[in-house]
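# A closer look at the structure
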Amino acid sequence: MICSKKMSEKAIEVAHCQRKLLGKSVNTRSMGLNALTPWLAPIVWDGTYDLSILDKQHNNTRIGLFVFAVKKYIRFLQQFLESAERYFMVGHKVTYYVFTDKVDEVVKPKIADGRILQLHSVVADQRWQDVSMRRMEILTVFTKKHMPNEIDYLVCADVDMVFNDSVGVEILGDLVATIHPGYFFTEPQHFTYERRPISAAYIPDGEGDFYYMAAFYGGKVDEIYKLSMACQNGIIEDKKKNIEAVWQEESHLNRYLVYNKPTKVLSPEYLWDTNVPYKDLAKKKRFVILKKIYKEIRN
Ligand code: 4GW
Ligand code: MN
């Protein structure tokens, strides 16, 4: 017992060193390779936690998975849900909150006991930027009205993704965000934050820790309420000025997270892009970005 515990500790150290070496070999920033942020939030990597302990702690936890599948993106939904049944919070109480303009066209997957699929109708905005940003508005409504009675934690995801390995309760925390796989080794001055002071999403040079991707984040329901309110208010302020942040709601999310530090950060294992050159960085590719053929998804 003692021996195997020692060995697993060693494995964490070795994996950590390997990541650090990889970072050095490409001569770039290595902050995200740590297992802790400078404000002492864990950065979740495979091997840094014991799921059997966490599963027991979350025995009664109810988890929501929020996703939009509007217009042509409905094509991704079936595979998304089927892969979530295989890998997302297996054994826990899960409610899927699916928003679509085509409720009748949804192919319902076989869902395990203790899991619920909620289908909700949402308007189909004309501009894709508005479809993507609409998610913040819907979040402000649902995290206030319905979700507080239904779930404890909410996880928000893009639909053009597939679960490819386990994603469990190790990702739960008050406020959780995932490092963008494309900006993993990037110095903060090169992050694609919104840099125009006129925008509500503005982040001045010298501020900010990570570039987070809006395709996977979550937290306690009341924390996501606060986050979505802040982002939605920023989006409205910008619209009044006839401007739009460079990466829409992702820019507002990043701004929020500079001043409201996440309590847990997910490594790129949780947002894996097969285009990323450092393949060895993540042993588990848990939630993978699908390659899109733009002429198939443009509305
Ligand atoms: C370009 O033609 C489009 S359409 C860009 C986004 C579109 C879109 C996005 C859409 O038509 N319907 C939709 O439901 N969405 C939702 O917004 C969906 O959940 C999607 O995953 C999310 C963000 O859009 P995206 O995945 O295309 O963004 P990136 O490229 O940053 O992953
Ligand atoms: Mn996406």
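Residues numbered from 1 in each chain as written. Chains lettered and ligands numbered in written order. Predicted model: local features only at pLDDT ≥ 70, side-chain atom pairs only at ≥ 80, totals over all residues. Heavy atoms only, no water.

### Things to note about the overall build of the protein chain
Here is the rule we go by: Secondary structure elements follow DSSP: runs of H or I no shorter than four residues count as helices, runs of E no shorter than two count as strands, and numbering proceeds from the N terminus. As defined in this context, the radius of gyration uses C-alpha atoms, and a globule is described by 2.2 Å times the residue total to the power 0.38. Whether a residue is buried, partly exposed or exposed follows from its accessible area with a 1.4 Å probe, protein chains only, as a fraction of its type maximum: under 20%, in between, or over 50%, in that order. Contact criterion: two residues are considered in contact whenever any of their non-hydrogen atoms come within 4.5 Å of each other. By the counting scheme adopted, Arg and Lys are positive, Glu and Asp are negative, and His together with the chain ends is not counted. Note that the charge is assigned to NZ on lysines, CZ on arginines, CG on aspartates and CD on glutamates.
Assigned secondary structure in the protein chain consists of 8 helices and 10 strands. A compact globule built from 299 residues should have a C-alpha radius of gyration of about 19 Å, and the protein chain, at 19 Å, falls within 12% of that. Going through the 299 residues of the protein chain one by one, you find that 51% of them count as buried. Long-range contacts, defined as pairs at least 24 residues apart, comprise 76% of the intrachain contacts of the protein chain with a sequence gap of at least 6. For the protein chain, the distance from the average position of its 42 positive side-chain charges to the average position of its 37 negative side-chain charges is 2 Å.

### Describing the packing of aromatic side chains
We apply this condition: Centres within 6.5 Å make a pair out of two Phe, Tyr or Trp rings, where for Trp the six-membered ring is used; the pair is then stacked when the planes are under 30 degrees apart, edge-to-face when over 60, and tilted otherwise. Two thresholds decide whether a charge sits over a ring: the Lys NZ or Arg CZ must be within 6 Å of the ring centre and within 35 degrees of the ring normal.
What the rule picks out here adds up to 19 aromatic pairs. Taken together, a centroid distance of 5.5 Å and an interplanar angle of 45 degrees make the contact between F88 and F163 tilted. Taken as a pair, F88 in the loop between α3 (77-87) and β3 (93-100) and F163 in strand β6 (residues 161-163) lie far apart in primary sequence, 75 residues in all. A single burial state applies to F88 and to F163, both of which are buried. Members of the aromatic cluster, connected to one another through ring pairs, are F80, F88, F163, F216 and F287. The lysine or arginine in question, K261, covers the ring of W39, its NZ or CZ lying 5.2 Å from the ring centre.

### Points about the sheet that holds β3
Which entries qualify depends on this criterion: Two strands pair under a simple rule: DSSP has to find at least two bridges between them. Axes here refer to lines fitted to C-alpha atoms; in helices the fit is confined to the stretch in contact. Angles between the N-to-C directions go from 0 to 180 degrees.
Across the sheet, which stays open at both edges, the 8 strands sit in the order β1-β9-β7-β8-β5-β2-β3-β4 with mixed pairing between neighbours. Unpaired on one side and paired on the other, β1 (43-44) and β4 (115-121) mark the two borders of the sheet. Pairing geometry for strand β5 (residues 153-157) and strand β8 (residues 212-220), over 5 bridges, is antiparallel. When the bridges of β8 are listed, L154 appears paired with G219. Most of the contacts of helix α6 (residues 221-240) go to β8, to which it runs at about 135 degrees, and overall it touches β5, β7 (175-179) and β8. Seen against the sheet, helix α7 (residues 248-259) touches β7 and β8 and runs at an angle of roughly 55 degrees to β8.

### Examining the coordination of the manganese ion (ligand 2)
Here is the rule we go by: Distances define the donors: N, O and S atoms within 2.8 Å of the metal qualify, as do those within 3.2 Å of Na, K or Ca. Water is excluded, so some sites may look unfinished.
Taken together, D158 (OD), D160 (OD) and D160 (OD) make up the protein donors of the manganese ion (ligand 2), found 2.1 to 2.5 Å from the metal. Residue classification places D160 among the buried positions, given a relative accessible area of 4%.

### Some details on the site of ligand 1
Spelled out, the test is: One heavy atom suffices: a residue is near a molecule or strand as soon as one of its heavy atoms comes within 4 Å of it. Nitrogen and oxygen atoms within 3.5 Å of one another constitute a polar contact, given that in protein one can donate a hydrogen and the other can accept it, and given that sequence-neighbouring residues count only through two side-chain atoms. Three classes are used: nonpolar for Ala, Val, Leu, Ile, Met, Phe, Trp, Tyr, Cys and Pro, charged for Asp, Glu, Lys and Arg, and polar for all others, with Gly counted as polar.
The immediate surroundings of ligand 1 are formed by 14 residues, with F68, V70, Y73, D160 and K292 found nearest. Contact distances for ligand 1 include 2.7 Å between an oxygen atom and a backbone N or O atom of F68. Between D158 and ligand 1, the recorded distance is 3.1 Å, taken from a side-chain N or O atom to an oxygen atom. Counted by class, the shell around ligand 1 contains 7 nonpolar, 2 polar and 5 charged residues.

### Some points on unusual backbone geometry
The bulk of non-glycine residues show a negative phi, and the bulk of peptide bonds are trans. The backbone of M89 shows a phi angle near 50 degrees, a positive value even though the residue is not glycine. One non-glycine residue with positive phi stands out, namely N242, at about 65 degrees.

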